[in-house]
Each structure stands twice: as structure tokens, then as C-alpha cells.
Amino acid sequence: MTRPTFVMLSQVYVPDPAAVGQHVADAAEEMARRGYRVIVYTAARGYDDPSRKYASREMRNGVDVRRLPVSSFGKSSIPVRLVAQAVFLVQAVARGLLTRGLCGVMVSTSPPFCGAAGVVVSRVRGVPLKYWVMDLNPDQMVAMGKLGPRSLPVRAFEALNRMVLRHADDVVVLDRFMAKRVAEKVGFRKELDVLPPWPLEDHLESIAHEQNPFRREHVPPGSFVLMYSGNHSPANPLGTILDAVERLQDDPRLVLLCIGGGEGKREVEERIRRGVRNIRSFPYQPLDSIRFSLSAADAHVVSIGDGVVGIVHPSKIYGAMAVSRPVLFLGPALSHVGELIDRLKIGWHVEHGDVEHAVSTIREMMGTPVDERIAMGRRAGGAIEGDLGRNPLLRRFCDVLERNLPAPGMNRDSGG
């Protein structure tokens, strides 16, 4: 008997290092373990680095991964990204419509218009649509000042959002602030599933500094390492921390490591070009060595812009927690990360623009006894081992995906 086929549309997928691809892969592999035939339609080239080309088709951990050509040109400009997204979505819709035995389709907000593609496949094939809201657009574009709130593109995008949300059988959002925005701003009144993204625990563990090859290679002995690791987005501004670290560059102990890519990385590189001595830049690290780079920190910086609470969700906090490191949070206290920091007592908080407080906070962090910092890290790691861990969150997420689908033992002949 043919297994029912569950399709996922995502422009990013492993081995691409972008976080969304890692999470889609976890969900795809879990659905395959539950007995579904899972097909992922994704881009053939890297999301951040289009020079990286991946196999056009492969089986990865039970998942049939099919990579579509001419569907990623990097992130050099918004028009370039829109063209790549459009090409990807046209191909993904065509493939989805022709998939045999289709029982359901999942889309996320990467790329932003993927929901529309999911609606087309869902309606034509008569199967449930599962919508994973990882960020909100056009809200993000408006918050960043790139589009006016009453502009024609924003109004058209909002209408598209309402259409996708009305049609979706299940909608998953990442935190209560995002749920509020989806329910009120987009005008959606259906029950939402609120599930934060899980850490990539298979690739993460706490590595002691003296056993860490990344730290030995890149960090002078006796240093206190602040780290920002991940996408350097304008939605996660670092200016206040960069200013504070620059003011403290005469302290030989302090090092800020900025790992990853994105539009905001230019600000980091500019500081280095200007001769700021205690800031260092590295590209994204391979997934199989990320445990070493993340563990090289004494504390991790997590940032969220004042205007994007509930629009984006800084999932990098879970990586810091998974390697048992405390967090310096830059952003508004009334936010998901602010609430985590306060509830778990796992770090420090600084508001955007308050450079004086950032300087004094970093000095306080450096002066905090190692045992106290270790205790913060252990509390963070303990939360990941509990209800914020990969297994319980992934299980709950896939329960949502499986809702209203035929059991894997049943055959659904949807044509195609």
C-alpha cells in the first residue's frame, strides 16, 4: 500500500546553514519516521551564498529532497530576492500539483509568499494546509521603514495574508506576541498553536573552553568572549553593543565575536576596518562544528529591534541556552526573550540606545564570578532539557502537522 505523501515547500533546507532549513528538516524527518512519504521542494543553491550548489535530488534521513533550479540568487537586494522567490514558488506549485498520493502540504514564511503557493496546491488537490509563521511580513518591511503602512504593496500583501490564514487548516506561531499580531493586525480569529522553535540539539553541546579547538584557535587566553552568532539582520540591531565594545577596546580581556552573515554584518565589518581592536568577524560555521563555535562564548548576545516584537522571533537564544551559556539581551523587556531572561534568571538586559548601561553591564558581566555565570548557563541548559527542548517541541509540532491527515497506513489517491 502506497504511503500518503506529505509535501513541504521551503526555499531553504539542509545542508544550507540557515536556521529555517534546519527546523524544516527536523519536522520533515519526524514526519517520515511517523510513516509518511515526505517530499521537500527547496532551492538548489545556498540562501545566503548562492555560489553553493546542492544535489538536485537526494534522500536525506528518509526525506525525498528535490531542489529546484534558478531559485536562489542570494540576498544582495530586495528585487533580486523577489525574482528568486517567484521562480521558486512557480516551480514548487507545479511540482506540488503533480505529486502523487498527496495528503497534505506545509509552508512557512520563507519565502514570504510561500503561503499563496500552499493555498493553490491545497485548494486544487483538496488537502489540508499547514502554515508555519516564522516571521511576519509586510510587518517587518514596514517596521524597518522600507515600505509605508498604507502603500499598495503592503495592502496587497495584507490581503494575501488574510487569504492564507483563512484557508489554512492549522497555523503555528512562535510566541504569544506573534499570536497577538496575527490575530489582531491581520484580522485572523482562528485558534493558533503557539510553539517556539526548538534548538538543534543533535549538533549542540556545551564544550569546556580548555577542550574547545575553536576557542583555542581564535581567542587569546584569559579573554571574556561575547558572541553574536547567526543572521545579522536589521531586525536584530547590534549598534548599542558595538558602541559599548568599542568604548571598552582598551580592556585586553574583552572580545566580541560576530559569526554569520546578513545585511547587518556590514556594520560589524566597518568597525573592524576602522581599527576597532576587540571585534572579530567570522562566516557561518558548518553545522557539524557549531557546538565548538557557540561554546567558545562566555555569554551570547541576543537582539531584537524595538519595533519588531511579535514580527520576528530571535531563535538564536535557544542555541545559547543549549550550550549552557548566559545571555546579554539587547531589546525591549516586554518581549519573548525579555520574559525568558526574567523568568529563568539566565542573563542581563540592555535597552537599545543606552550605550552607558551597555558598557556598565558588560563590565558587570566580566566581573561576575565564574561560578555565577556557570550557574546561569546551567539554568539555561536545564530549560532546554525540559519543555523548551527539541523532542517535546518537535513532537507537539508534528502532532499539529498530522492533525486531520490520513494515518500512514491508509492510501490516499489524490491523483496527479
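Remember, it's a predicted structure, so these values are computed and weren't measured experimentally.

Caption draft 1: Spotlight on the sheet that holds strand β13 (residues 327-330). One open sheet accounts for six strands, arranged β11-β10-β9-β12-β13-β14; its pairing is parallel. What marks the edges here is a single partner per strand, and that holds for β11 (279-282) and β14 (347-350). Between one strand and the next, the sheet's axes are offset by a mean angle of 25 degrees, whatever the strand orientation. Across two bridges, strand β9 (residues 224-229) lies against strand β12 (residues 299-303) in parallel orientation. Among the inter-strand pairings, methionine 227 is bridged to a residue of β12, identified as histidine 300. Most of the contacts of helix α8 (residues 239-247) go to strand β10 (residues 254-259), to which it runs at about 145 degrees, and overall it touches β9, β10, β11, β12, β13 and β14.

Caption draft 2: Here's a closer look at empty space enclosed by the protein. Going through the model one piece at a time under the given rule, you end up with five cavities of 30 Å³ or more. Roughly 80 Å³ of volume is contained in the largest cavity. Taken together, 11 residues line the largest cavity, and the ones lying closest to its centre are Thr109, Tyr131, Val133, Leu136 and Asn161. Sorting elements by how many residues they give to the lining of the largest cavity places helix α5 (residues 152-167) first, with three residues.

Caption draft 3: How the structure looks around unusual backbone geometry. Cis geometry is found at the peptide bond from valine 14 to proline 15, where omega equals 10 degrees. Considering the arrangement of structural elements, one finds proline 15 in the loop between β1 (5-9) and α1 (19-33). Residue proline 138 is reached from asparagine 137 by a cis peptide bond, and omega for that bond is 15 degrees. Structurally, the position occupied by proline 138 is in the loop between β6 (129-132) and α4 (139-143). Backbone geometry places lysine 345, a non-glycine residue, at a positive phi of 55 degrees. Position of lysine 345 relative to the elements: it lies in the loop between α12 (336-344) and β14. Positive phi, close to 70 degrees, is recorded for asparagine 404, a residue that is not glycine. Within the secondary structure, asparagine 404 is located in the segment after α15 (390-402). The exposure class of asparagine 404 is exposed, given its relative accessible area of 60%.

Caption draft 4: Layout of helix α13 (residues 355-367). Taking 1.5 Å per residue as the helical rise, α13 with its 13 residues ought to reach 18 Å, and the 18 Å between its terminal C-alpha atoms agrees with that figure. For α13, the set of buried residues is Val355, Ala358, Val359, Thr361, Ile362, Met365 and Met366. Buried residues along α13 cover an arc of 165 degrees about the axis, so they all sit on one side. Exposed and oriented more than 90 degrees from the buried face of α13 are Glu356, Arg363 and Gly367.

Caption draft 5: Structural view of the pairing of strand β2 (residues 37-43). Burial analysis of β2 places six of its seven residues in the buried class, the great majority of the element. The pairing of β1 with β2 spans five bridges and is classified as parallel. When the sheet's bridge partners are listed, valine 7 is paired in β2 with isoleucine 39. Remark: the β1/α1/β2 crossover connection has right-handed handedness. Relative to strand β4 (residues 63-68), β2 is paired through six bridges, and the arrangement is parallel. Following the sheet pairing, tyrosine 41 is matched in β4 by arginine 66.

Calculation criteria
- Residues numbered from 1 in each chain as written.
- Predicted model: local features only at pLDDT ≥ 70, side-chain atom pairs only at ≥ 80, totals over all residues.
- Heavy atoms only, no water.
- Pairing = 2+ DSSP bridges.
- Helix = DSSP H or I, 4+ residues; strand = E, 2+ residues; numbered from the N terminus.
- Axes fitted to C-alpha atoms, helices over the stretch in contact; angles between N-to-C directions.
- Contact = heavy atoms within 4.5 Å.
- 1 Å grid on protein atoms, 1.4 Å probe; cavity = no way out; pocket = protein on both sides within 12 Å on 5 of 7 lines; lining within 4 Å.
- Points joined across faces, edges and corners; volume = space filled by probe spheres on them.
- Buried < 20%, exposed > 50% of the residue type's maximum accessible area, 1.4 Å probe, protein only.
- Expected span 1.5 Å × (residues − 1).
- Arc of directions from axis to C-beta.
- Right-handed = clockwise from strand over helix to strand, strands pointing away.

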